[in-house]
Amino acid sequence: LFAIFAFATCGGYSGGLRLSVDCANKSESDLNIDIAFAYPFRLHQVNFDVPTCEGKRRETLSLIGDFSSSAEFFVTIAVFAFLYSLAATVVYIFFQNKYRENNRGPLIDFIVTVVFSFLWLVSSSAWAKGLSDVKLATDPDEVLLLMSACKQQSNKCLPVRSPVMSSLNTSVVFGFLNFILWAGNIWFVFKETGWHSSGQRHPPDTMEKQSSSYNQGGYNQDSYGPAGGYNQPDSYGQVGEYGQSQSYGQSGPTSFANQI
């Protein structure tokens, strides 16, 4: 889902800006100059016509810059991350036994997760820099400087509408969120590999040896068996003053008086 949001907000973007050129001769003015651009942001191919305020002649200009490399790299990583996540989900659910066979599946999954984490960081950083350049190249004040008519003080050039970049800002945020998500997932994939299990193998063996030594020692003997004093009968036979045994067992006070 995070990968879908990343490439959808970037790859599906289209925007534009509007400028106004008010010439000294009002008949030569153009108050609604629309400039549209979209992904992959090859701005040098975006052409637009503007008045020169010198008769009816118009000039054709284009925006400056080509930022398609960083944008396409970002979208490509997002698409492949989405496809791999979808394939991994199918394997986790339906092919769990083959995934754990010979520990090959977890190792491949671990390596791919590390690679995608690094690619998300690189592509998101590159696209963040590319987006700042796109904002600068499509700034209406910067575009007005390209027009010859705006270099004359008798003409008035004003920005009417600036491009909305909220979705592109969102794409950068989702790019770094994907990096955090994939980087955090490295630990959980690492726990499935044999490297993690081999590191946890020795402590249980040590505990087993200690428990076996205790079982062989005196702590496992029946020290409170029949030989002990606590398993004797309830009666305590004693010899009285007249040589007769006095029993303080289950006999009552009457038998004790008879014995005296």
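Look above for the structure.
For every chain, the first residue of the written sequence is number 1, and numbering continues from 1 onward in sequence order. Reporting in this predicted model follows two pLDDT cut-offs: at least 70 for local features of residues, and 80 or more for side-chain atom pairs to be given and counted; totals over whole chains, interfaces and linings ignore these cut-offs and use all residues. For the side-chain quantities, the full set of heavy atoms in the structure was used; hydrogens and water were omitted.

1. A look at a nonpolar patch on the surface
So, step 1. Only residues whose relative accessible area exceeds 30% and that form no salt bridge are eligible for patches; like-charged ones are grouped when within 9 Å, while nonpolar side chains (Val, Leu, Ile, Met, Phe, Trp, Tyr) are grouped when within 5 Å. Exposure was quantified through the Shrake-Rupley algorithm and a 1.4 Å probe, taking into account, for residues, occlusion by the shown protein chains and nothing else. Here, a salt bridge means any side-chain nitrogen of Lys or Arg that lies within 4 Å of a carboxyl oxygen of Asp or Glu. Residues Leu1, Phe2, Phe5, Val173, Leu177, Ile180 and Leu181 make up a contiguous nonpolar surface patch of about 680 Å² in total accessible area.
So, step 2. Secondary structure elements follow DSSP: runs of H or I of four or more residues count as helices, runs of E of two or more count as strands, with numbering from the N terminus. Elements that contribute at least two residues to the nonpolar patch include exactly α1 (2–11) and α6 (166–190).
So, step 3. Take the nonpolar patch: its biggest share by element is four residues, from α6.
So, step 4. Locating Phe5 in the fold gives a position in helix α1.
So, step 5. Exposure classes here rest on a 1.4 Å probe applied to the protein chains alone. A residue is buried below 20% of its type maximum, exposed above 50%, and partly exposed in between. Here Phe5 falls in the partly exposed class, since its relative accessible area comes to 40%.

2. Let's talk about unusual backbone geometry
Most peptide bonds are trans, and most residues other than glycine sit at a negative phi.
So, step 1. Each neighbour pair has its own omega, and for Tyr39 with Pro40 the value is 10°, a cis peptide bond.
So, step 2. Looking at the secondary structure, you find Pro40 in the loop between β2 (30–38) and β3 (47–51).
So, step 3. We note that Phe41 has phi near 65°; this positive angle belongs to a residue other than glycine.
So, step 4. Here Phe41 is to be found in the loop between β2 and β3.
So, step 5. Exposure remark for Phe41: the relative accessible area of 0% places this residue in the buried category.
So, step 6. The phi torsion at Cys53 lies on the positive side, around 60°, for a residue other than glycine.
So, step 7. With respect to the helices and strands, the residue Cys53 is situated in the loop between β3 and β4 (58–62).
So, step 8. On the basis of relative accessibility, which here comes to 12%, the residue Cys53 falls in the buried class.

3. Description of the environment of Asn103
So, step 1. Following the sequence through the fold, Asn103 ends up in the loop between α3 (96–100) and α4 (104–137).
So, step 2. Residue classification places Asn103 among the partly exposed positions, given a relative accessible area of 22%.
So, step 3. Along the primary structure Asn103 and Thr193 are separated by 90 residues, whereas in three dimensions their C-alpha atoms are 6.4 Å apart.

4. What to know about the state of the cysteines
So, step 1. We call a pair of cysteine sulfur atoms a disulfide whenever their separation is within 2.5 Å. Applying the stated rule across the entire model yields two disulfides.
So, step 2. A sulfur-sulfur distance of 1.8 Å marks the disulfide that ties Cys23 to Cys53. Disulfide Cys23-Cys53: torsion about the S-S bond near -70°, hence left-handed. Here the residue Cys23 occupies a position in the loop between β1 (14–22) and β2, and Cys53 occupies one in the loop between β3 and β4, the gap between them amounting to 30 residues.
So, step 3. Taking the relative accessible area as the measure of exposure, Cys23 reaches 2% and is therefore buried.
So, step 4. One disulfide bridge connects Cys150 with Cys157, the sulfur atoms lying 2.1 Å from each other. Negative torsions about the S-S bond denote left-handed disulfides, and the value of about -100° found for Cys150 with Cys157 makes this one left-handed.
So, step 5. Under the relative-accessibility criterion, Cys150 is labelled partly exposed at 23%.
So, step 6. Owing to a relative accessible area of 17%, Cys157 belongs among the buried residues under this scheme.
So, step 7. The connectivity of the disulfide-linked cysteines in the chain, indexed sequentially, is 1-2, 3-4.

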